[in-house]
Amino acid sequence: MAEESFTIIDNRSGNEVTVPIVDGTISSAALRQLDKGMWFYDPAYLSTANCDSKITFIDGAEGILRYRGYPIEQLADSSSFLEVCYLLLHGELPTQAQSDVWVDHITNHTYVHENIARFMQGFRYDAHPMGTLVSTVAGLSTFYPEAKDIDDPHNRMIQIIRLIAKMPTMAAFAYKNRLGLPYEYPVNNLGYTGNFLRMMWNVADPSFEPDPILTKALDVLFILHADHEQNCSTTTMRTVGSSQADPYSAVAAATCGLYGPLHGGANEKVIRMLHEIGSYENVDAYVEKVKSGEMLLQGFGHRVYKNYDPRAKIIKQTADRVFNVTGMNPLLDIAMKLEEVALSDSYFVDRSLYPNVDFYSGLIYEAMGFPMDMFTVLFAIGRTPGWLAHWQEMLDDPEQKIYRPRQKYTGPDERSYVAIGNR
Ligand code: SDX
């Protein structure tokens, strides 16, 4: 059998180096054995693996997604979001005793300092909740100065618990603040996702309880968003964490990365697109505009999945359960027609453009009553355990150090300063 290796030859000198293939990768360090001033040029890291991770496996060709080896379909069907948080962070599903302690820790850390609650009231009524969230998460770092001690695993876990527990509270407070409504403080008897829905929707009704079907549906959506290996925001988390910044600052940075419309902001863009299309009859004309390059088909395409995003399939199944409670979202017909037209058109098929996680999630969020600019906030709640699991893994990885890639310099050669009067 051929040796599992590559040989790189420097044709200028005839020197060569043989590089073993390890887990589907070759080390770029071998190149510097041939030429210390040579770098691989890989804008946007299209062909680069930046770490060795044991958290999430994706097979883009086969549409496979597994958290710590467990297929996403099984976790969505049988697990809970808090159990998936435990799995991502600890590497194993919890025993009942471990789960009880974990849930108790999260449940008892949902409050934020009253100064944080007041800080959030400084934002305007029309502040995008993602802007409020990233600012507030960063501000949390000032309340837990001990979080800078990133070398203490016990201290790290306390901050991890706080961040997972407080994201829903900050999300709901951002929403209520915009409406000028009083905050609904966390309660401990509704579970993680039920408590979040109560903080979102309840106004002064002590007996309020969220619909159990909608609570379960949102819990599944949080599971589906919990991690996705080296996506833009998770790589941001690792990058900021590699400087040994505290986890609140790193999560705030990752949340900023998620905010972008090419990443987590896509779910909001999908719904705006569907409203813009407006009717079933307008779909074909819209698709033609996309094919002319005039705009993207929001919620389609993926850097890794060149097949159907497995999460999109599960979300479509979840949508039926939600619409049975909320009534059908009229945009669903437009979305399904858009999918049907795109999946039969060579422009999309040739580019392996399939619906991704964001294509259908917004339909559910809108049907549940969330305003469009809260959709990415929901994504951030779900992705927080994934960001933190990668942060923790990066800190424990002996191969990792501060992220500092190189560049290809193509700017001007040395030149002398010219006084302004002579320019
Ligand atoms: C998420 O990384 C992750 O894992 C992300 C995520 C996660 O869980 O963290 O899965 C969540 O961010 C999902 C993606 C959400 N974003 C969108 O839905 C926005 C629309 N999608 C595109 O912006 C795009 O598909 C990306 C950003 C998702 C992927 O872009 P790539 O991998 O850089 O692909 P590309 O831009 O090089 O596209 C290849 C071709 C190009 O055409 P050509 O230049 O070859 O002619 O496909 C075209 C692109 O123009 N194309 C699209 C398109 N996406 C790519 N054309 C129309 N509509 C689209 N949506």
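Once a new chain begins, its residue numbering starts again from 1 and follows that chain's sequence as written. Reporting of local features is limited, given that this is a predicted model, to residues whose pLDDT is at least 70; pairs of side-chain atoms are given and counted only at 80 or more, and all residues count toward the totals for whole chains, interfaces and linings. To get the side-chain values, all heavy atoms of the structure are used, and hydrogens and water are removed first.

Q: Would you take a moment to explain the packing of helix α8 (residues 191–201) against helix α9 (residues 212–224) for this structure?
A: A pair of packed helices is captured by two measures, namely the crossing angle of their axes and the spacing between those axes. Where α8 contacts α9, the two axes come as close as 9 Å, and the packing angle between them is 115°. Our classification of the angle between α8 and α9 gives roughly perpendicular. Regarding α8 and α9, the two cross each other, and that crossing is right-handed. Contact residues: Y192, T193, G194, F196 and L197 in α8; L214, T215, L218, D219 and F222 in α9. Split by residue class, the contact of α8 with α9 holds six nonpolar, three polar and one charged. Angles shown run from 0 to 180 degrees and are taken between the N-to-C directions of axes, each axis being a line fitted to C-alpha atoms and, for helices, limited to the stretch in contact. Secondary structure elements follow DSSP: runs of H or I no shorter than four residues count as helices, runs of E no shorter than two count as strands, and numbering proceeds from the N terminus. What sets the label is the angle itself: under 35 degrees gives roughly parallel, over 145 gives roughly antiparallel, 65 to 115 gives roughly perpendicular, and the rest give oblique. Take the far helix as your reference; a near helix turned counterclockwise from it by less than a right angle gives a left-handed crossing, and one turned clockwise gives a right-handed crossing. Every residue pair with non-hydrogen atoms within 4.5 Å of one another is taken to be in contact. Here the nonpolar group is Ala, Val, Leu, Ile, Met, Phe, Trp, Tyr, Cys and Pro; Asp, Glu, Lys and Arg are the charged ones; every other residue, Gly included, is treated as polar.

Q: Even after reading the chapter, I still don't get helix α15 (residues 331–343), so can you show me in this structure?
A: Within an α-helix, residues lying three or four positions from one another point in the same direction, as the helix has 3.6 residues per turn. The end-to-end C-alpha distance of α15, which contains 13 residues, comes to 18 Å, matching closely the 18 Å that a straight helix rising 1.5 Å per residue would cover. Working definition: with a 1.4 Å probe on protein chains only, accessible area under 20% of the residue-type maximum means buried, over 50% means exposed, and in between means partly exposed. Burial in α15 covers these residues: L331, L332, I334, A335, K337, L338, E339, V341 and A342. Where α15 is buried, its residues contact α12 (266–277), α13 (283–291), α14 (310–326), α16 (346–350) and α17 (357–367). One fewer than the residue count of a helix, multiplied by 1.5 Å, yields its expected span.

Q: Sorry if this is basic, but what is going on with the site of the ligand here?
A: Near the ligand there are 23 residues, and of these H228, H302, R303, R311 and R383 occur at the shortest range. Polar contact is the term for a pair of N or O atoms within 3.5 Å; when the atoms are in protein, one must be able to donate a hydrogen and the other to accept it, and sequence-neighboring residues count only if both atoms are side-chain atoms. Contact between the ligand and L262: a nitrogen atom at 2.9 Å from a main-chain N or O atom of the residue. Between L297 and the ligand, the recorded distance is 2.8 Å, taken from a backbone N or O atom to a nitrogen atom. For accessible areas, the Shrake-Rupley method is used with a probe of radius 1.4 Å. Any residue's cover is judged against the shown protein chains and nothing else. Look at the ligand: alone it shows 1000 Å² of surface, and the protein chains cover 72% of it. Along the lines of polarity and charge, the residues of the shell around the ligand split into 10 nonpolar, eight polar and five charged. One heavy atom within 4 Å of a molecule or strand makes the whole residue count as near it.

Q: Would you mind showing me how to read the layout of surface pockets here?
A: A water-sized probe rolled over the atoms picks out the places where empty space is left. Cavity and pocket criteria rest on a 1 Å grid covering protein atoms alone: a 1.4 Å probe that fits but cannot get out defines a cavity, protein on both sides within 12 Å along at least 5 of 7 lines defines an open pocket, and an atom within 4 Å of a point defines a lining residue. Grid points are joined across faces, edges and corners, and a volume is the space filled by probe spheres set on the points. Taken as a whole, the second largest pocket spans an internal volume of roughly 170 Å³. For the second largest pocket, the full set of lining residues is Y86, H90, Q98, V101, W102, H105, H109, H154, M157, I158 and I161. Taken together, the residues of the lining of the second largest pocket sort by class into six nonpolar, five polar and no charged.

Q: Please explain the pairing of strand β2 (residues 16–20) as it appears in this structure.
A: Both faces of the sheet carry side chains from a regular strand, because those side chains alternate between them. The alternating pattern of β2 places V17 and V19 on a buried face and E16, T18 and P20 on a face that is not buried. As defined by bridge partners, strand β1 (residues 5–9) adjoins β2 across five bridges and the pair is classed as antiparallel. Bridge pairing in β2 links S5 to P20. Pairing between two strands requires that DSSP report at least two bridges joining them. Taking the residues that link successive antiparallel strands as the turn, the β1-β2 hairpin has six residues, and the phi of G14 there is positive, at about 85°.

Q: Would you take a moment to explain the pairing of strand β3 (residues 56–59) for this structure?
A: The alternating pattern of β3 places T56 and I58 on a buried face and F57 and D59 on a face that is not buried. Hairpin connection from β3 to strand β4 (residues 64–67): four residues lie between these consecutive antiparallel strands, with G63 at a positive phi of about 65°.

Q: Explain the packing of aromatic side chains to me, please; I cannot follow it from the model alone.
A: Remark: the centre distance and the inter-plane angle together describe each pair of aromatic rings, the angle taken between the planes. Ring geometry is summarised as follows: Phe, Tyr and Trp rings, the Trp one being its six-membered ring, pair when their centres sit within 6.5 Å, and such pairs are stacked at plane angles under 30 degrees, edge-to-face over 60 and tilted between the two. Scanning the model with the defined rule gives 19 aromatic pairs in all. Each ring, one from Y144 and one from Y248, has its centre 5.3 Å from the other, and the planes form 20°; the classification is stacked. In this pair, Y144 sits in the loop between α6 (129–140) and α7 (153–179) while Y248 sits in helix α11 (residues 247–259), placing the two residues 104 residues apart along the sequence. In this structure, Y144 and Y248 share a single accessibility class: buried. Seen in terms of ring centroids, F196 and F222 are 6.3 Å apart; in terms of plane orientation they differ by 55°. Their pairing is tilted. One end of the pair, F196, is in helix α8; the other, F222, is in helix α9, and 26 residues separate them in sequence. The class for F222 is buried, based on a relative accessible area of 1%. Taken together, the ring pairs connect F81, Y175, Y192, F196, W201, F222, Y365, F370 and F375 into an aromatic cluster.

Q: How do you make sense of a nonpolar patch on the surface when you look at a structure like this?
A: Patches here: salt-bridge-free residues with over 30% relative accessible area, like charges joined within 9 Å, nonpolar side chains (Val, Leu, Ile, Met, Phe, Trp, Tyr) joined within 5 Å. Each reported salt bridge corresponds to a side-chain nitrogen of Lys or Arg within 4 Å of a carboxyl oxygen of Asp or Glu. Taken together, the side chains of L179, L181 and V203 make up a nonpolar region of the molecular surface, amounting to roughly 230 Å² of accessible area. Looking at where L181 falls in the secondary structure, it is placed in the loop between α7 and α8.

Q: Mind showing me how you'd approach the pattern of salt bridges here?
A: Note that side chains of opposite charge can pair when their charged atoms are close. Under the defined criterion, the tally for this structure stands at 14 salt bridges. Note that D10 is salt-bridged to R12, the shortest N-O span being 2.9 Å. Owing to a relative accessible area of 62%, R12 belongs among the exposed residues under this scheme. Note that K54 is salt-bridged to D52, the shortest N-O span being 3.5 Å. Given a relative accessible area of 39%, D52 falls into the partly exposed group. Through salt bridges that share partners, D10, R12 and D35 make up one connected network.

Q: I keep staring at the sheet that holds β4 and nothing clicks. Help me out?
A: Through backbone hydrogen bonds, the strands of a sheet pair up, either in parallel or in antiparallel fashion. The three strands are arranged β3-β4-β5 in an open sheet whose pairing can be described as antiparallel. Each of the sheet's edge strands pairs with one partner strand only, and the pair in question is β3 and β5 (70–71). Where β3 lies against β4, four bridges are found, and the strand directions are antiparallel. Of the residues in β4, the one forming a bridge with T56 is Y67.

Q: What should I look at first to understand the side chain of R238 in this one?
A: Structurally, R238 can be placed in helix α10 (residues 232–241). The buried category is assigned to R238, whose relative accessible area is 0%. Reaching out from R238, the side chain makes a polar contact with the side chain of E393 at a distance of 2.7 Å. Leave out the neighbours within four places in its chain, and R238 touches N50, C51, S53, Q230, H390, E393, M394, Q400 and Y403.

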